[in-house]
Amino acid sequence: MRTITLSNVSKTFYDKSRKLTPVLAIKDFNLHIDDGEAVVLLGPSGCGKTTLLRLIAGLEEPDSGTIFYNGVPLDDIPVENRGIGMVFQNYVLIPHWESRKTVGFFLRLRDREEEVPAHVNTVANITGVDIEKLMGRFPRNLSGGEKQRVSIARAFARDLELLLFDEPFANLDAKFRGQARVELKRLIQEFNVTLVYVTHDQVEAMSVADRIVVINAGRIIQSGSYQALHDNPDSLFVAEFLGTPTINAFWGRVQSGDWDGSYMGRASLPSPRPNGSEVIVGIRPEHIQLTDSDSGIPATIDRSIPFYAEKFRLLEVWLRKRRWRIQVPLEDEHEPGDTIHCQLDWPRAYFFDALTGQRIR
């Protein structure tokens, strides 16, 4: 297995479409990944997570800082000794090679081609999928899911210490993504290697991660388990990025020591803030309840969306141009245009500084 350490790593690209304008992708990035740890780099498109993965793989060189494998600078380790298996979003299969040749490429270079059937059989046994039937086919004869299975088998058919995944299931349909996550989790558990996985899909992150590192604008925003990030966000960015349905955010000001959201009500702050300060309250849709009391906050239903598998109904409502979402039981039927009353579960609300986005505690 392998530890990975990034020490003050920065990377800048130059946008040719904008007269070589510098674009800072990664800035003073520090991260340590333990032996055998499964780390997911999670963030929106363009946040720098794929650049980070390419830096860890040695496919890009940092402008400054150092990347270490087991305490040794990456540049000091020959490429053939790095023990990396990598799976890309777009499969990267050679068009004129049949799958068996693709999977066995690493072993063939080392005159160990006879080991390929055993590797294929191992992957098939762990995932419960018979991929032997794919070995004689060319990429043009494979579906997207089959191409990705071949790509994953290729990554595992080598002397592995480090596995890198770059949004491997982004191009697959929802049904196969769910199945592929299960197969991948089995492989990760069986092959005890260090894993770095890039995605913007939080369900995917939950399914494979020991630790999630949330990234934005080339920097770490927060890291931890999914549950810790979801339940205890340090910033409005993390609160809005994690959780389905998305958290509600209500703007207000501090008045007489309390948060004042006008017709949304007043609430005590976790710590004192100057009067007039702008504060955003974040509260998840499941933490807003309907009430029969006219003392609740009135709202007009805009849409009622049933989530049958999850067994809840999402109400999108509005009041005086302010819109928010409420999660109610699936059997509660409401029509667009209906007026309802709701109340916020204030002990479960989060308070954020509107200027910095940081949590007020």
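Residues numbered from 1 in each chain as written. Predicted model: local features only at pLDDT ≥ 70, side-chain atom pairs only at ≥ 80, totals over all residues. Heavy atoms only, no water.

**Regarding the packing of aromatic side chains**
Working step 1: A full pass over the atoms with the stated rule returns 8 aromatic pairs.
Working step 2: Ring plane angle 20 degrees and centroid distance 5.5 Å describe the contact between Phe 165 and Tyr 197, whose orientation is recorded as stacked. In this pair, Phe 165 sits in strand E7 (residues 162–166) while Tyr 197 sits in strand E8 (residues 194–199), placing the two residues 32 residues apart along the sequence. In this structure, Phe 165 and Tyr 197 share a single accessibility class: buried.
Working step 3: Its end group placed over the ring of Phe 138, Arg 140 keeps NZ or CZ at 4.7 Å from the ring centre. (Phe/Tyr/Trp six-rings, centres within 6.5 Å; stacked < 30°, edge-to-face > 60°. Helix = DSSP H or I, 4+ residues; strand = E, 2+ residues; numbered from the N terminus. Buried < 20%, exposed > 50% of the residue type's maximum accessible area, 1.4 Å probe, protein only. Lys NZ or Arg CZ within 6 Å of the ring centre and 35° of its normal.)

**Some details on empty space enclosed by the protein**
Working step 1: Tallying each qualifying case throughout the model produces 1 cavity of 30 Å³ or more.
Working step 2: Roughly 100 Å³ of internal volume is contained in the largest cavity.
Working step 3: Forming the walls of the largest cavity are 14 residues, and the residues nearest its centre are Thr 127, Arg 149, Ile 152, Glu 183 and Leu 187.
Working step 4: Contributions of two or more residues to the lining of the largest cavity are made by helix H4 (116–127), helix H5 (144–156) and helix H6 (174–190).
Working step 5: Residues of the lining of the largest cavity, tallied by class, amount to 9 nonpolar, 3 polar and 2 charged. (1 Å grid on protein atoms, 1.4 Å probe; cavity = no way out; pocket = protein on both sides within 12 Å on 5 of 7 lines; lining within 4 Å. Points joined across faces, edges and corners; volume = space filled by probe spheres on them. Nonpolar A, V, L, I, M, F, W, Y, C, P; charged D, E, K, R; others polar.)

**Quick word on the confidence of the model for the chain**
Working step 1: Of all residues in the chain, 99% attain a pLDDT of 70 or more, and the chain-wide mean is 90.
Working step 2: Confidence scores differ between elements of the chain, with H4 showing the lowest mean pLDDT of 79 and strand E20 (residues 350–353) the highest of 98. (pLDDT = per-residue confidence, 0-100.)

**Focus: the sheet that holds strand E9 (residues 211–216)**
Working step 1: Reading across from one edge, E6-E7-E8-E3-E9-E10 is the order of the 6 strands in this open sheet, with mixed pairing throughout. Strands with a single pairing partner mark the edges of an open sheet, and in this sheet they are strand E6 (84–87) and strand E10 (219–224). For this sheet, the mean inter-axis angle between neighbouring strands, taken without regard to orientation, is 15 degrees.
Working step 2: The sheet contacts of helix H1 (residues 49–57) involve strand E3 (38–42), E6, E7, E8 and E9, and relative to E7 the element is tilted by about 150 degrees.
Working step 3: Those strands touched by H5 are E6 and E7, and its axis lies near 170 degrees from that of E6. (Pairing = 2+ DSSP bridges. Axes fitted to C-alpha atoms, helices over the stretch in contact; angles between N-to-C directions. Contact = heavy atoms within 4.5 Å.)

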